[in-house]
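In case you want the letters, here they are:
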Amino acid sequence: MELNTEILTTPPLDAATVVMLRDGPGGLQVLLMRRHQASNVLGGVYVFPGGKLDPQDQHPAWLQSLSQNSATLQERLGEPDIPAARASGLFVAAMREAYEECRVLLGCAQHAEPVAQSLVQALLSGQNWHEAFQSQALTLHTEPLLPWCRWITPRQASVTNKRFDTRFFVTQVPDNQLAEHDNFEATEVLWIQPRLALQRYWDREIELAPPQIMSLVHLSRHSNAQSVLAEAQSRRPPVVEPEPFDQDGIRTICYPGDPRHSVRQAAFPGPSRLMFKNKRFEPELGLAALLD
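Residues numbered from 1 in each chain as written. Predicted model: local features only at pLDDT ≥ 70, side-chain atom pairs only at ≥ 80, totals over all residues. Heavy atoms only, no water.

**Let's talk about empty space enclosed by the protein**
Here's step 1: Enumeration over the complete set of coordinates arrives at 1 cavity of 30 Å³ or more.
Here's step 2: In this structure, the largest cavity spans a volume of roughly 70 Å³.
Here's step 3: Residue lining of the largest cavity: Trp148, Cys149, Trp151, Met214, Ser215, His218, Arg235, Pro238, Val240, Ala267 and Phe268, and that is the complete set.
Here's step 4: Elements with a minimum of two residues in the lining of the largest cavity: β5 (146-152) and α7 (210-219).
Here's step 5: Of the residues contributing to the lining of the largest cavity, the split by class is 8 nonpolar, 2 polar and 1 charged. (1 Å grid on protein atoms, 1.4 Å probe; cavity = no way out; pocket = protein on both sides within 12 Å on 5 of 7 lines; lining within 4 Å. Points joined across faces, edges and corners; volume = space filled by probe spheres on them. Helix = DSSP H or I, 4+ residues; strand = E, 2+ residues; numbered from the N terminus. Nonpolar A, V, L, I, M, F, W, Y, C, P; charged D, E, K, R; others polar.)

Listed below in structure tokens is the structure:
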């Protein structure tokens, strides 16, 4: 992983990420996908599925197909200062990206099997995600998608040359959904326990960016999917604005709760800062800080 040194002057782009959960034999598992090595954003890094908000995600005609109205979704997102249509569109973007990147169809679990099969056939025929839903006149169920947190890329971004205002959602994947990579944006999908993902990162078997590292640290505190969903329902999504600085030639990113951060209340458990050492980000106390 290479460190970005330029200062970004553009405003952050709205984006949505979905942390997909399931219960495996050893407990909670999350879905990671490996971005294509040729990608100009985090190539080769393991991330949660997600992407930019598309104008069509928030089109008024499309939003009428949602199981919850825009005012309800805006309240659930916890961002009263943005337009209700944009708040709703972020829910849509998370579910759209889940299908486009990993072929997981969210929001359809309450439909009968023949209806879901018709939707899949429409997608396989070449229709895009929006077209397929509209052609089948289906309702997209937004209730299972729960806001988890919000990450805003700082102007001094450390691992990318773009800024994003990303809303993270959590959801439990229906048992009948099989994730697979698209060989375009992703070259691998991986269901893995959060602690094992952190261990593999430390052993240099996989690459992770700071938001994924800290999210996995947080998720590793939960034993099953229901525990994660219960936390998401119990509190407002925290806003995470990393504050980077360089000290003794080492790029350090501090998070809410760190003595140097402008926000004193921690947004998540685990270490409050990561340092760029050995071409990756590490906490001061090593692997133990990620797992304890």
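**Quick word on the nonpolar core**
Here's step 1: Met20, Leu21, Trp129, Val170 and Ile213 are the most contacted members of the largest nonpolar core, which has 83 residues in total.
Here's step 2: Those residues in contact with Met20, other than ones at most four positions away along the chain, are Gln29, Val30, Leu31, Pro49, Ala98, Cys102, Val104, Leu106, Thr171, Val173 and Trp191. (Core = buried A, V, L, I, M, F, W, Y, C linked by side-chain atoms within 4.5 Å. Buried < 20%, exposed > 50% of the residue type's maximum accessible area, 1.4 Å probe, protein only. Contact = heavy atoms within 4.5 Å.)

**A word on the pattern of salt bridges**
Here's step 1: A complete count under the given rule lists 14 salt bridges for this structure.
Here's step 2: Between Asp246 and Arg251 there is a salt bridge whose closest N-O contact spans 2.7 Å.
Here's step 3: By relative accessible area, which is 48% here, Asp246 ends up partly exposed.
Here's step 4: Under the relative-accessibility criterion, Arg251 is labelled buried at 4%.
Here's step 5: For Arg280, the salt bridge goes to Glu282, with nearest N and O atoms at 2.9 Å.
Here's step 6: Using a relative accessible area of 7% as the deciding quantity, one classes Glu282 as buried.
Here's step 7: Through salt bridges with shared partners, a single network forms among Asp14, Glu79, Arg86, Arg150, Asp165 and Arg167. (Salt bridge = Lys/Arg side-chain N within 4 Å of Asp/Glu carboxyl O.)

**Quick look at the sheet that holds strand β12 (residues 280-282)**
Here's step 1: As summarised here, the arrangement of the 4 strands in space is β9-β10-β11-β12, forming an open sheet in which the pairing is antiparallel. Strands with a single pairing partner mark the edges of an open sheet, and in this sheet they are β9 (243-247) and β12. Going from strand to strand, the sheet's axes swing by 30° on average, the running direction of each strand aside.
Here's step 2: Pairing analysis gives 5 bridges linking β9 to strand β10 (residues 250-254), with the strands arranged antiparallel. Paired with Phe245 across the strands is Thr252, a residue of β10.
Here's step 3: Against the sheet, α7 makes contact with β10, β11 (273-277) and β12, and its axis sits at roughly 135° relative to β11, the strand it touches most. (Pairing = 2+ DSSP bridges. Axes fitted to C-alpha atoms, helices over the stretch in contact; angles between N-to-C directions.)

**Here we look at the packing of aromatic side chains**
Here's step 1: Taken as a whole and judged by the stated rule, the model has 7 aromatic pairs.
Here's step 2: Seen from their ring centres, Phe91 and Phe169 are 4.8 Å apart, and the 55° between their planes marks the pair as tilted. Taken together, the positions of Phe91 in helix α3 (residues 84-102) and Phe169 in strand β6 (residues 164-172) put the pair 78 residues apart, joining distant regions of the chain.
Here's step 3: Relative accessible area serves as the criterion here: at 0%, Phe91 is assigned to the buried category.
Here's step 4: Pairing Trp151 with Phe268 gives two aromatic rings, centres 5.9 Å apart and planes at 5°, and the pair type is stacked. With Trp151 in strand β5 and Phe268 in the loop between β10 and β11, the pair connects residues that are 117 residues apart, well separated along the chain. Taken as a pair, Trp151 and Phe268 share a single burial class, namely buried.
Here's step 5: One Lys or Arg, Arg103, reaches over the ring of Tyr99 and ends 5.1 Å from the middle of that ring.
Here's step 6: The side chain of Arg260 reaches across the aromatic face of Phe245, ending 3.7 Å from its centre. (Phe/Tyr/Trp six-rings, centres within 6.5 Å; stacked < 30°, edge-to-face > 60°. Lys NZ or Arg CZ within 6 Å of the ring centre and 35° of its normal.)

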